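Residues per chain are reported as follows:
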Amino acid sequence: RERQLHIELPGLDLEALEDLVQDETAKPVEAPHLAKFLHTECGGNAFYLVEILQTLFEEHAISLSGSGKWQFEINYILMNHRNLITHGIENLVWRRVKQLNSKSSHILELLAVIGGQEPKTMLWPLWSKIDSEKLSETTFLERVDSLKERQFLFEDERHFSFFHNKIHEVVYDRIGQERQQHLHT
């Protein structure tokens, strides 16, 4: 059996992001505003941060000065951020979702439709009502564990929820109205 290395990386907090932006920017006065925007959008997730920054550079919302420092207009980024970054992150998340087997992606769809968070005791009963192939509860929980390991879902003492709100948004938006209605019933 192939050995896997599992490393947990803590999310970036706002202070760490402020330090990073402050070091890289030619506009230290606007650095806290950019850091706050980036933190809000990525939720501390380093992979999303990289995707957001890459998109901002590709769209010329951030450029490099002659000295290699970031140049940007924070008001432009704040006013146009949905158009600038949403597409890149959505594609990143959607590529990950499409790699899942159909049952696992259907579990995500159910959770997305019911609001993104569900008490642990309720997810299985809801799933068993809509599952035409009748997975066993054990198999269902194995799929949920796999979704947690792949950082699609998070589990606390009482709830299952999406690991990041962007995952919830993308899954819900891509379901399609007919499937949403089916899952709501």
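Quick caveat, the model's predicted, so the values are computed rather than measured.

Engineer: Summarise the packing of aromatic side chains; cite the residues concerned and give the values.
Structural biologist: This model, assessed by the stated rule, comprises three aromatic pairs. For the pair W124 and F140, a centre-to-centre distance of 5.3 Å together with 50° between the ring planes defines the contact as tilted. With a gap of 16 residues between them, W124 in helix 6 (residues 120-130) and F140 in helix 7 (residues 137-149) connect regions that are remote in the sequence. Among the residues examined, W124 registers a relative accessible area of 19% and is labelled buried. A relative accessible area of 1% means that F140 is categorised as buried. What links up through ring pairs into an aromatic cluster is the set W124, W127 and F140. Cation over ring: R96 sits above F152, and NZ or CZ is 4.2 Å from the ring centre.

Engineer: Explain the sheet that holds strand 3 (residues 117-119) to me, using residue names and the numbers behind them.
Structural biologist: Taken in spatial order, the three strands line up as 3-5-4 in an open sheet, and their pairing is antiparallel. Strands with a single pairing partner mark the edges of an open sheet, and in this sheet they are strand 3 and strand 4 (153-155). Averaged over all neighbouring strand pairs, the angle between strand axes comes to 20°, with direction disregarded. Bridge count for strand 3 against strand 5 (residues 159-162) is three bridges, and the pairing is antiparallel. Within strand 5, the position partnered with Q117 by the bridge is S161. Set on the sheet, helix 5 (residues 102-113) makes contact with strand 3, strand 4 and strand 5; between it and strand 5 the angle comes to about 95°. Here helix 7 sits on the sheet in contact with strand 4 and strand 5, set at roughly 105° to strand 4.

Cut-offs used in this document
- Residues numbered from 1 in each chain as written.
- Predicted model: local features only at pLDDT ≥ 70, side-chain atom pairs only at ≥ 80, totals over all residues.
- Heavy atoms only, no water.
- Phe/Tyr/Trp six-rings, centres within 6.5 Å; stacked < 30°, edge-to-face > 60°.
- Helix = DSSP H or I, 4+ residues; strand = E, 2+ residues; numbered from the N terminus.
- Buried < 20%, exposed > 50% of the residue type's maximum accessible area, 1.4 Å probe, protein only.
- Lys NZ or Arg CZ within 6 Å of the ring centre and 35° of its normal.
- Pairing = 2+ DSSP bridges.
- Axes fitted to C-alpha atoms, helices over the stretch in contact; angles between N-to-C directions.
- Contact = heavy atoms within 4.5 Å.

Taken by themselves, the reported measurements are silent on function.
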